[in-house]
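Structural overview
These are the residues of each chain, in order.
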Amino acid sequence: MDKENFFSGQMTEKQRAFREDYKRGIAKWYSGWGHLLSIYLPGLAVIAFCVENIHAPTLAEIAILGPILIFYNFNEWWIHKNAMHHPVKKLGGALMPVYHRHVHQHHQYFTSKRMTYDTNREWRIVLFPPYALLIFLVATVPFALIIGYVWSANAGFLVMLSTPFYYLNYETFHLCCHVKENWFVRNCPLINTIRRHHAAHHSQPIMMERNMNLTYPITDWYMGTSDLNRGLFGHLFNGYDQRYIKDEFQNDQGADLRQSV
Ligand SMILES: [Zn+2]
Ligand SMILES: [Zn+2]
């Protein structure tokens, strides 16, 4: 298979039929770009607002971003592993649509053999609904206010901007996991890593337990839920390398990926 077809291998009949059915159900008025902008514009506006209000931050204030980003990386892993791959009946079933959308739709639409979409109308099944960002922002406000009150306004605004920053990072990287092969996604460090990492996650035999990170595979490395046998640095900059796939996974997603690469 030539390089242009990385991650765009043959679909099974089941996957093809699911895609046709899903695409028929997308509303006529749906616009991929509208969906994308409904996430990025408010996200960038909040980041810009916070940056405007940060004045001469100290190194200690800026350093707060480190633990926050690690915490968000763990959250991304935890939510994906627990709420998106398991039916959570608590909270009045509020998280059930997230599970349904992820396991019964996203994972049927994309498999490790065929990870890519054809047109931007299919962003419908890649991007979260616009209200997800709103929920994350509302959840962040009390923490930003507390940090702003007990430490400094700068630290509070840095906490506030970290949420849309990480969320836009997540959406951008996940979208890059599902675009057709191109020079940028193949060669950009970190993005090429998550592209292979996520393609392996889309392999049906291991999707419930492996490769839960969607930005940087830090928590997967730390929690031992990665399909790779490498250190942290190797995990972050693995790219498309398949040499480090653990032996026990060589026959499921390893084989899938070899077909698609
Ligand atoms: Zn995906
Ligand atoms: Zn998943």
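A brief look at the structure comes next. (Residues numbered from 1 in each chain as written. Chains lettered and ligands numbered in written order. Predicted model: local features only at pLDDT ≥ 70, side-chain atom pairs only at ≥ 80, totals over all residues. Heavy atoms only, no water.)

Points about the pattern of salt bridges
By the definition in use, this model includes nine salt bridges. A salt bridge links E13 to R16; the shortest N-O distance between them is 2.6 Å. With E13 and R16 both in helix α1 (residues 13-25) and three residues apart, this pair spans about one turn of that helix. E13 gets classed as exposed once you look at its relative accessible area, which sits at 52%. (Salt bridge = Lys/Arg side-chain N within 4 Å of Asp/Glu carboxyl O. Helix = DSSP H or I, 4+ residues; strand = E, 2+ residues; numbered from the N terminus. Buried < 20%, exposed > 50% of the residue type's maximum accessible area, 1.4 Å probe, protein only.)

Details of the coordination of the zinc ion (ligand 2)
Distances from the zinc ion (ligand 2) to its protein donors, H80 (NE2), H85 (NE2), H102 (NE2), H107 (NE2) and H201 (NE2), fall within 2.0 to 2.3 Å. Here the donor residues for the zinc ion (ligand 2) map to a single chain with the spacing H-x4-H-x16-H-x4-H-x93-H. Taken together, the positions of H80 in helix α4 (residues 65-84) and H201 in helix α9 (residues 191-201) put the pair 121 residues apart, joining distant regions of the chain. In this structure, H80 and H201 share a single accessibility class: buried. (Donors = N, O, S within 2.8 Å, 3.2 Å for Na, K, Ca; no water.)

Quick notes on unusual backbone geometry
Here the phi dihedral of L190 falls at roughly 75°; this positive angle occurs in a residue that is not glycine. Along the polypeptide, L190 turns up in the loop between α8 (183-187) and α9. Phi at N211 is positive, roughly 55°, even though this residue is not glycine. Mapped onto the secondary structure, N211 falls in the loop between α9 and α10 (218-223). A relative accessible area of 0% means that N211 is categorised as buried.

Quick notes on the nonpolar core
Generally speaking, soluble globular proteins have nonpolar side chains that are buried together. F110, W123, Y167 and L175 are the most contacted members of the largest nonpolar core, which totals 48 residues. Listed by contribution, the elements that provide at least two residues to this core are α2 (32-52), α4, α6 (131-150), α7 (153-178) and α9. Considering each element in turn, this core owes the most residues, twelve residues, to α7. Setting aside its immediate chain neighbours within four residues, F110 contacts Q15, R19, M115, T116, Y117, I125, V126, H178 and H202. (Core = buried A, V, L, I, M, F, W, Y, C linked by side-chain atoms within 4.5 Å. Contact = heavy atoms within 4.5 Å.)

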